[in-house]
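# Report on the structure
Here are the chains, one letter per residue:
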Amino acid sequence: MSNDATGATNARSTGADAGNLGYLALGLTLLAYGLLSTGILHGAGVGDATHLAHILGGVTLFIAGLWQLRRDEGFTGTAFTSLGAFWATWSVAGGAGKNAVGLFLLLWALLALSLTAASWGAGLVNRAVYGLFTVSLVLSAIAVLGGYGGLGKAAGWVAAVAGLAAWYRATSALSNGSWGKVALPVK
C-alpha cells in the first residue's frame, strides 16, 4: 500500500507545519479568555485563565512562532511569537493599574490590526481571527479605561468567536491534510 493511499504523505506535510499548533493554541486561549470574560461561568473570572494563557497562549504560541520563522513563514512566525509574548505578559501582569492595562490592550490592538491587514489575502477565516481579536482588544481597552463592565463582557464574546475561528482554522488544516480532500473549507 502506498503512502498516498493511507494519507500518510498529507498527514506528514501538515504535521511539519507548526501553524496548526499555533492556531490551536491561539484558539483555545482566546476561547477560554473570552468565555471567562463574559461571566457565564459563575464563580470563575478572567483571572482564572492566567495559567492557560501563560503556558498555552504564551509558551506554546511563542515556540510555534519560532518554528514558523525557522521555516521562513514570516506571517505566522511573527503573529505567533508576538501573540505568545502578549499572553505571557498578560498572565503575569495581575497587579497593573487600569490605565496601564488599558494602554497595554490598545498597543496590542495595533499589533492585531497589523496582523489583520497582513492576513487579508489569506482568506476569510484568517481575517476573522485577527480582525475579531483586534475588535476584542479595543473593546476591552475601552471597558478597562472607562470602567464599563458590560462592554468588557461584549469584548469577551468577540474574543470567544475569534477563538472559535482560530480553532476552526487549525482543525480545517489538520483534517483537510489528513483526509486528502477539503472537508472543512477555509476561504
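Residues numbered from 1 in each chain as written. Predicted model: local features only at pLDDT ≥ 70, side-chain atom pairs only at ≥ 80, totals over all residues. Heavy atoms only, no water.

### Points about the overall build of the protein
Rules: Strands here are runs of E lasting at least two residues and helices are runs of H or I lasting at least four, both read from the DSSP assignment and numbered beginning at the N terminus. Think of it in three bands: residues with accessible area under 20% of the maximum for their type are buried, residues over 50% are exposed, and the middle band is partly exposed, with areas taken using a 1.4 Å probe on protein chains only. Whether two residues are in contact is decided by their heavy atoms: any pair within 4.5 Å suffices. Only the protein chains shown count as cover for residues, and the accessible areas themselves come from Shrake-Rupley with a 1.4 Å probe.
Each helix and strand in the protein was counted, giving eight helices and zero strands. Each helix and strand of the protein, ordered N terminal to C terminal, gives the series α-α-α-α-α-α-α-α. The 187 residues of the protein split such that 42% are buried. Once local pairs closer than 6 in sequence are excluded, the contacts in the protein between residues at least 24 apart make up 67%. When the accessible surface of the protein is split by element, carbon and sulfur atoms take 68% of a total near 9200 Å².

### A word on helix 5 (residues 74-92)
Applied cut-off: Residue count minus one, scaled by 1.5 Å, sets the expected span of a helix.
Between its terminal C-alpha atoms helix 5 stretches 27 Å, which fits the 27 Å expected from 19 residues at 1.5 Å a residue. When we look at burial in helix 5, the residues that qualify are Thr76, Gly77, Ala79, Phe80, Thr81, Ser82, Leu83, Gly84, Phe86, Trp87, Trp90 and Ser91.

### Here we look at the nonpolar core
Here is the rule we go by: The term nonpolar core refers to a set of buried residues drawn from Ala, Val, Leu, Ile, Met, Phe, Trp, Tyr and Cys, joined through side-chain atoms within 4.5 Å.
Core analysis: the largest hydrophobic core is formed by 31 residues, its most contacted members being Leu26, Phe86, Trp87, Tyr130, Phe133 and Leu137. Of all the secondary-structure elements, those providing two or more residues to this core are helix 3 (19-38), helix 4 (50-70), helix 5, helix 6 (98-118), helix 7 (124-146) and helix 8 (149-179).

### Thoughts on helix 6
Let me state the cut-off plainly: By construction, the arc corresponds to the directions joining the helix axis to the C-beta atoms.
Taking 1.5 Å of rise per residue, 21 residues should cover 30 Å, and helix 6 covers 30 Å from first to last C-alpha, within 8% of that figure. All of the buried residues along helix 6 are Gly102, Phe104, Leu105, Trp108, Ala109, Ala112, Leu115 and Thr116. Down the axis of helix 6, the smallest arc covering the buried residues is 155 degrees, so these residues share one side. Opposite the buried face of helix 6, at more than 90 degrees from it, the exposed residues are Asn99, Leu107, Leu110, Ala117 and Ala118. Elements that come into contact with the buried residues of helix 6 comprise helix 5 and helix 7.

### Section: the packing of helix 5 against helix 7
Rules: Angles shown run from 0 to 180 degrees and are taken between the N-to-C directions of axes, each axis being a line fitted to C-alpha atoms and, for helices, limited to the stretch in contact. Should an angle fall under 35 degrees it is called roughly parallel, over 145 degrees roughly antiparallel, and 65 to 115 degrees roughly perpendicular, with every other angle called oblique. A crossing counts as left-handed when the near helix is turned anticlockwise from the far one by less than a right angle, and as right-handed when that turn is clockwise. Note on residue categories: nonpolar means Ala, Val, Leu, Ile, Met, Phe, Trp, Tyr, Cys or Pro, charged means Asp, Glu, Lys or Arg, and polar means any other residue, Gly included.
Direction vectors running N to C along helix 5 and helix 7 enclose 25 degrees, while the axes themselves pass 14 Å from each other. Accordingly, the angle class assigned to the pair helix 5 and helix 7 is roughly parallel. The handedness of the crossing between helix 5 and helix 7 is left-handed. Mapping the contact onto sequence places Phe75, Ala79, Phe80, Leu83, Phe86 and Trp87 in helix 5 and Tyr130, Phe133 and Leu137 in helix 7. Residue composition of the contact of helix 5 with helix 7, by class: nine nonpolar, no polar and no charged.

### Quick word on unusual backbone geometry
You will see that Asp72, though not glycine, has its phi angle at about 65 degrees, which is positive. Summarising the element assignment, Asp72 is placed in the loop between helix 4 and helix 5. Taking relative accessible area as the criterion, Asp72 reaches 69% and is therefore assigned exposed.

### Observations regarding the packing of aromatic side chains
Heads up, the rule is: Each pair of aromatic rings taken from Phe, Tyr and Trp, with Trp reduced to its six-membered ring, is defined by centres within 6.5 Å and is described as stacked if the planes are under 30 degrees apart, edge-to-face if over 60, and tilted in the remaining cases.
Taken as a whole, this structure holds twelve aromatic pairs when the rule is applied. Ring centres of Phe86 and Phe104 lie 5.5 Å apart, and the angle between their planes is 10 degrees; this geometry places the pair in the stacked category. Taken together, the positions of Phe86 in helix 5 and Phe104 in helix 6 put the pair 18 residues apart, joining distant regions of the chain. Here a set of aromatic residues connected by ring pairs shows up, and it is made of Tyr33, Phe86, Trp87, Trp90, Phe104, Trp108 and Phe133.

### Description of the environment of Ala79
With respect to the secondary-structure elements, Ala79 resides in helix 5. Judged by relative accessible area, which is 0%, Ala79 ranks as buried. Once residues within four sequence positions are removed from consideration, Ala79 is found in contact with Leu115 and Tyr130.

### Focus on the environment of Ala141
Of note, Ala141 is situated in helix 7. Between the C-alpha atom of Ala141 and that of Leu106, which follows or precedes it by 35 residues, the distance is 5.9 Å. Every residue in contact with Ala141, bar those within four places of it in the chain, is listed here: Gly102, Leu105 and Leu106.

Note that all results are geometric; they support no functional claim without further evidence.
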